[in-house]
Amino acid sequence: MKWITREKIKVDRVACPWLIKHFVDPEAEFVFLPHATDWSKIDNGIVFDVPNCELGHHGEDVSFDSILKKYNLTDSALLLLGKVVRTADSRPSNPHPAGEGLRWVAHGFARLGLSDHEILEREFVVYDALYAECKKRIARK
């Protein structure tokens, strides 16, 4: 399936493809279009993290949260990772302390002059590591 979002990816638009590839659609293909795209006319894939879409921001929830909910992903470590992503991507009322570090990493990748696909390739390992740490912290409880 094609998954379509805005170009010039940072936090949520990297976290969502990682989540999709690992837990929703292992064969996912990601397409990055200009911000000015008329998203309501896209009918050849699943649109995410764009204005006014189902898999977008809703209240304090970011697109990562919307995907967790839509696909009934209830793994406690993923829910914890969602808190980190939410903090890194927005300003929630109850921020997670690891979020600011993730924001710095994401913005740093954006400044390297890489294509969106290159950012995904390189930054997925960051999310692999964060998920591993989330699993460890959940196991301690």
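Structure: see above.
The paragraphs below set out a description of the structure included in this document. The model shown is predicted, which means the values in this text are computed figures rather than measured ones.

### A word on the state of the cysteines
Step number 1: As enumerated under the stated definition, the model contains zero disulfides in all.
Step number 2: Free cysteine: Cys-16, not disulfide-bonded; nearest cysteine sulfur from Cys-53 at 9.2 Å.
Step number 3: Note on Cys-53: relative accessible area 10%, which makes it buried.

### Focus: the pattern of salt bridges
Step number 1: A complete count under the given rule lists eight salt bridges for this structure.
Step number 2: Here Asp-61 makes a salt bridge to Lys-69, at a shortest N to O gap of 2.2 Å.
Step number 3: For Lys-69, a relative accessible area of 58% translates into the label exposed.
Step number 4: One salt-bridge network, held together by shared partners, links Arg-6, Arg-13 and Asp-49.

### Considering the side chain of Asp-25
Step number 1: Considering the arrangement of structural elements, one finds Asp-25 in the loop between α1 (12-24) and β2 (29-33).
Step number 2: Not counting residues within four places of it along the chain, the set of residues in contact with Asp-25 comprises Met-1, Trp-3 and Ile-20.

### Here we look at the nonpolar core
Step number 1: Counting residues in each nonpolar core, the largest one holds 35 residues, and the members touching the most others are Trp-18, Leu-19, Phe-30, Phe-64, Leu-81, Val-85 and Tyr-127.
Step number 2: Counting residues per element, the ones that place at least two in this core are α1, β2, α2 (63-70), α3 (76-89), α4 (99-110) and α5 (116-140).
Step number 3: With seven residues, the single largest contributor to this core is α3.
Step number 4: Contacts of Val-85, omitting those with residues within four sequence positions, involve Val-11, Asp-12, Ala-15, Val-62, Phe-64, Leu-102 and Tyr-127.

### So, the packing of α4 against α5
Step number 1: Relative orientation of the contacting elements α4 and α5 amounts to 165°, with a least axis distance of 11 Å. Comparing their axes, α5 and α4 come out roughly antiparallel. Relative to α5, α4 is oriented so that their crossing is right-handed. Taking contact as the criterion, the partners of Leu-102, Val-105, Ala-106, Phe-109 and Ala-110 in α4 are, on α5, Ile-119, Arg-122, Glu-123, Val-126, Tyr-127 and Leu-130.

### A short note on unusual backbone geometry
Step number 1: A positive phi angle is found at Asp-49, which is not glycine, with a value near 50°.
Step number 2: Within the fold, Asp-49 resides in the loop between β3 (46-47) and α2.
Step number 3: Positive phi, close to 50°, is recorded for Asn-72, a residue that is not glycine.
Step number 4: Examined against the element boundaries, Asn-72 turns out to sit in the loop between α2 and α3.

### Thoughts on the sheet that holds strand β1 (residues 2-6)
Step number 1: Across the sheet, which stays open at both edges, the three strands sit in the order β2-β1-β3 with parallel pairing between neighbours. Strands at the two margins of the open sheet, each flanked by one partner only, are β2 and β3.
Step number 2: Looking at chain direction, β1 and β2 are connected through five bridges and run parallel. Bridge pairing links Thr-5 to Phe-32 in β2.
Step number 3: Relative to the sheet, α1 contacts β1 and β2, its axis offset from that of β1 by approximately 170°.

Analysis parameters
Residues numbered from 1 in each chain as written. Predicted model: local features only at pLDDT ≥ 70, side-chain atom pairs only at ≥ 80, totals over all residues. Heavy atoms only, no water. Disulfide = S-S within 2.5 Å. Buried < 20%, exposed > 50% of the residue type's maximum accessible area, 1.4 Å probe, protein only. Salt bridge = Lys/Arg side-chain N within 4 Å of Asp/Glu carboxyl O. Helix = DSSP H or I, 4+ residues; strand = E, 2+ residues; numbered from the N terminus. Contact = heavy atoms within 4.5 Å. Core = buried A, V, L, I, M, F, W, Y, C linked by side-chain atoms within 4.5 Å. Axes fitted to C-alpha atoms, helices over the stretch in contact; angles between N-to-C directions. Parallel < 35°, antiparallel > 145°, perpendicular 65-115°, else oblique. Left-handed = near helix turned anticlockwise from the far one by under 90°. Pairing = 2+ DSSP bridges.

The analysis is restricted to geometry; functional conclusions fall outside its scope.
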